[in-house]
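Chain by chain, the residues run as shown.
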Amino acid sequence: MFLTSLQLRHFRNYADQAVTFSAPKTIVLGENAQGKSNLLEAVELLSMLKSHRTSRDRDLVQDGQTTAQITAAIDRGVGPHSVKMTLRSSGRRTSVLNGETLKRQIDLLGTLNTVQFSSLDLDLVRGGPAYRRGWLDGLLVQLEPFYAHLLNQYGRVLRQRNALLRKADRDETGFPVGDLSASLAVWDAQLAALGTRLIRRRARALERLTPLAQSWHEQISGQREELQIVYRPSVAREEPGLWTKPEGLQSAFFDKLKQRAIAEQVNGTSLVGPHRDEIEFLINATPARQYGSQGQQRTLVLALKLAELKLIDDVVGEPPLLLLDDVLAELDLNRQNQLLEVIQTRFQTLITTTHLSAFEADWLKSSQILTVEQGKILPADSL
Amino acid sequence: MNRPEAEIEALAQALLEAKAQVGQCSVCFHLSAEPVCNICRAPNRDNQTICVVADSRDVIALEKTREYRGKYHVLGGLISPMDGIGPEQLNIQPLIRRVSQQGTGEVILAISPSVEGETTTLYLGHLLKPFTTVTRIAFGLPMGGDLEYADEVTLARALEGRRELE
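As the structure is a prediction and not an experimental result, all values here were calculated from the model.

(A) Here's a closer look at the overall build of chain B. Secondary structure assignment for chain B yields six helices and six strands. Across chain B, helices and strands are ordered from the amino to the carboxyl terminus as α-β-β-α-β-α-β-α-β-α-β-α. With respect to the principal axes defined by its C-alpha atoms, chain B has extents near 60 × 45 × 40 Å. Residues counted as buried form 36% of the 166 residues belonging to chain B. For chain B, long-range pairs separated by at least 24 residues make up 52% of all intrachain contacts whose partners lie at least 6 apart in sequence. Looking at chain B as shown, the accessible area adds up to about 10,800 Å², and 54% of this sits on carbon and sulfur atoms. Taken as two groups, the 16 positive and 22 negative side-chain charges of chain B have centres that lie 7 Å from each other.

Structure representation (C-alpha cells):
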C-alpha cells in the first residue's frame, strides 16, 4: 500500500496542510517541536485508531479549535482508497471511507497498515510489560481487526469488574464485608471467556512473529546471538502448549482467579488476565531487559520491527508503511544499511530527523525531502 | 416556532398528562396507564412464554413486528457496577417469582450483546434454568444484507452463532 497524499486541518500545530508523497522514501526534516512527529501521528491514527502519545482526542485538535480532520489518499493493489477522519475535542469521532460514513470506528482498521519505529521503542526491551503488551496489541489489531473488538470488550468487562471490587463495602481492615463471589461470578465468566480469546490470539501472533524476528536478529548480530521470545500469560500454569487448547486455558484462568480471589478483594482491582501478561525477550537465554547492552537492545528492537513488516506483508498480502520517528540517526551505519536493504522500494517509508548528516548516502539518493517549520511543510529546495 | 400557540399548548398538555398518568405495569414493568398493562391483560396472548428485555423501548420494537404472541418482562436496565447498578436495582426478583409460581414454559432473553447485556443474560440464565427452558435471541446478519458488505464484528458473531441446517 502507498500513502499518496495527506491533508491535516486543525490537527496539532497544523492549521491546514496538504502533503503529497512522491517517492517510496520521504525524509521529513526539521528542528524539534516543529511538527515532524505530529505528521507521523496522523498516519498512526488512521492505521491503529490511536496515538501512542495521547489517549485524549482533545490533545490532537489545534488550540482554539473544536474539530480536526485528517484526510488521506491510499493507493492499494486494487485501487485508490480515500479516508477522512474527524476528531473532536468532545471525543466523538467520525470516519468516512470511500465516501461512506462508518458505523463503527474499528471498520477503518486494515485500510492502512503501518509499522512504527521510534527512539522510544527501546522501552520495548527496557520498559515495563505494558509497553510490550501495547506493541503486540498494535500489531494484532492490524493483522486481525476483530481483535480490536475483543480488546474493547475485555477492557469494558475489566472496568466493570474493577468497579465491583472497588465499590464493595469494607471493614476497618480493608477487607470487603459480605460475599462478593456471587456478584463476581458473572463477570469472571466473561473475563475468562474474552481473556482466553485474547491470550490465544496473542500466542498465535507471537508464534508467527518469532521465527521472523529470530532470523533477522541472527543476520544483524552476525549469528553470534540467539533470540527467544517467551509469552507468559498471567493465567498460565507451567505447562507447555497450554494455550493451544481453549478449554484447558479457560480452566487455568478460573483456577488463577480462585487462587488470587482474596488478593483481588483486598486490593480492590483485577489481578488476573491478559492485562497482566508479560512477553519476555531472551538473548542467549539471558533476559534482554536486565542484561542486554544498549547495542544488543537496539539490534533486538530492529529485528522485531523488521519481523513486524514481514509478518503484516505476509498476512495482509500488501506491504505496510514504515514510520521511522527520529530513530535512524541512532542506528550505526551497519544497521542503517541492513534496514535499507530490507525496505528497498517495497515498503513506503516516512522518516523524521533533525539533520541529514548521519544518513548513509544511499538513503538520501532516492528520497523525497520535506522540511517542517512551525506547522508548515515545504519541499526542501537545495541541499 | 411557526406553529400556532394552541397547538403547542395542546402538545405540552399531552406531555404533562402522559407524565402524570403513565406508570409501570405491576406484572411486567412495561409502561402503562393502568395498574396492569394491555399486554399482560390480553386473553389471547400466550401465558407460557416470557420475553425479557432491558427497556420498555425494546417491548415497543418487538411489538411492531407482530410476530411475538407471548408476554414480556422489563428489567429496567442492565447490570453495570460502574453506574452502581447491581441485580438488586433491576426487576429481577419479580421475574423469578413470576416464572417459579406460574409455570412458565420458556423464557426468551432478548438483551443486546453488549458487555453489560451479556453479563445480565448470563446472570438471568443461571437463575432461571432451574425453573424453565431459557433461550436467547440470535445475533447475526441483517436480512437482505449481502455477506460481503457485513462488517467483521457482525460476521464473526454470526459465525459463532451458526447452527446445523435442519
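(B) Fine view of the packing of helix α5 (residues 181–220) of chain A against helix α9 (residues 294–316) of chain A. All names here are of chain A. Axis separation between α5 and α9 bottoms out at 8 Å; the angle between their running directions is 130°. By the angle class used here, α5 and α9 are oblique. You can see that α5 and α9 cross each other, and the crossing is right-handed. Contacts between α5 and α9 involve A205, R208, L209, L212, A213, W216, H217 and I220 from the first element and T299, L300, L302, A303, L304, L306, A307, E308, K310, L311 and V315 from the second.

(C) Molecular detail of the confidence of the model for chain A. Of all residues in chain A, 97% attain a pLDDT of 70 or more, and the chain-wide mean is 90. The secondary-structure element of chain A with the lowest mean pLDDT is helix α11 (residues 361–365) of chain A, recorded at 80, while strand β1 (residues 2–11) of chain A shows the highest, at 97.

(D) View of the layout of surface pockets. All names here are of chain A. Estimated volume of the largest pocket: approximately 1,500 Å³. The wall of the largest pocket is formed by 49 residues, among which K50, G134, D137, G138 and L151 lie closest to the centre. Counting residues per element, the ones that place at least two in the lining of the largest pocket are α1 (36–48), β8 (114–118), α2 (123–126), α3 (129–143), α4 (146–167), α5 and α9. The dominant element in the lining of the largest pocket, judged by the number of residues it contributes, is α3, at 10 residues. The residue inventory of the lining of the largest pocket, partitioned by class, reads 19 nonpolar, 16 polar and 14 charged. When residues of the lining of the largest pocket are assigned to domains, at least three map to each of domain 1 (1–113 + 321–383) and domain 2 (121–317).

(E) Structural context of the interface of chain A and chain B. Taken together, the contacts link 19 residues of chain A with 19 residues of chain B. For the pair chain A and chain B, the number of links is eight residue pairs in polar contact (both at pLDDT 80 or more). Of all elements in the fold, only α4 and α5 of chain A reach the threshold of two or more residues within the side of chain A that touches chain B. Looking at which element gives the most residues to the side of chain A that touches chain B, the answer is α4 of chain A, with 10 residues.

Calculation criteria
The written sequence of each chain sets the order in which its residues are numbered from 1. In the order they appear in the text, chains get letters beginning with A and ligands get numbers beginning with 1. Residues qualify for local features only when their pLDDT is at least 70, as the model is predicted, and side-chain atom pairs are given and counted only at 80 or more; totals for whole chains, interfaces and linings, by contrast, use all residues. Side-chain numbers here rest on the full set of heavy atoms in the structure, without hydrogens or water. Put simply, DSSP H or I for four residues or longer makes a helix, DSSP E for two residues or longer makes a strand, and each gets a number counted from the N terminus. The buried label goes to any residue with under 20% of its type's maximum accessible area, the exposed label to any with over 50%, and the partly exposed label to all in between, with areas taken from a 1.4 Å probe on protein chains only. Contacts were defined at the residue level, with two residues in contact if any of their heavy atoms lie within 4.5 Å. Using a 1.4 Å probe, accessible areas were evaluated by the Shrake-Rupley method; residue-level cover was limited to the displayed protein chains. Positive charges come from Lys and Arg alone, negative charges from Asp and Glu alone, with His and the N- and C-terminal ends not counted. A single reference atom marks each charge: NZ on Lys, CZ on Arg, CG on Asp, CD on Glu. Axes here mean lines fitted to C-alpha atoms, for a helix over just the part in contact, with angles spanning 0 to 180 degrees between N-to-C directions. Roughly parallel means an angle under 35 degrees; roughly antiparallel means over 145; roughly perpendicular covers 65 to 115; every other angle is labelled oblique. Handedness of a crossing follows from how the near helix is turned relative to the far one, being left-handed for an anticlockwise turn of less than a right angle and right-handed for a clockwise one. Confidence of the prediction at every residue is given by pLDDT, a number between 0 and 100. The pocket and cavity definitions rest on a 1 Å grid over protein atoms only: a 1.4 Å probe that fits but cannot leave marks a cavity, an open set with protein on both sides within 12 Å along at least five of seven lines marks a pocket, and residues lining either have an atom within 4 Å of a point. Grid points are joined across faces, edges and corners, and a volume is the space filled by probe spheres set on the points. Residues are grouped as follows: nonpolar covers Ala, Val, Leu, Ile, Met, Phe, Trp, Tyr, Cys and Pro; charged covers Asp, Glu, Lys and Arg; every other residue, Gly included, is treated as polar. What counts as a domain boundary in this text is fixed by an automatic or database domain assignment. Whenever a nitrogen or oxygen atom comes within 3.5 Å of another N or O atom, the pair is scored as a polar contact, on the condition that within protein one atom can donate a hydrogen and the other can accept it, and that pairs from neighbouring residues in sequence are kept only if both atoms are in side chains.

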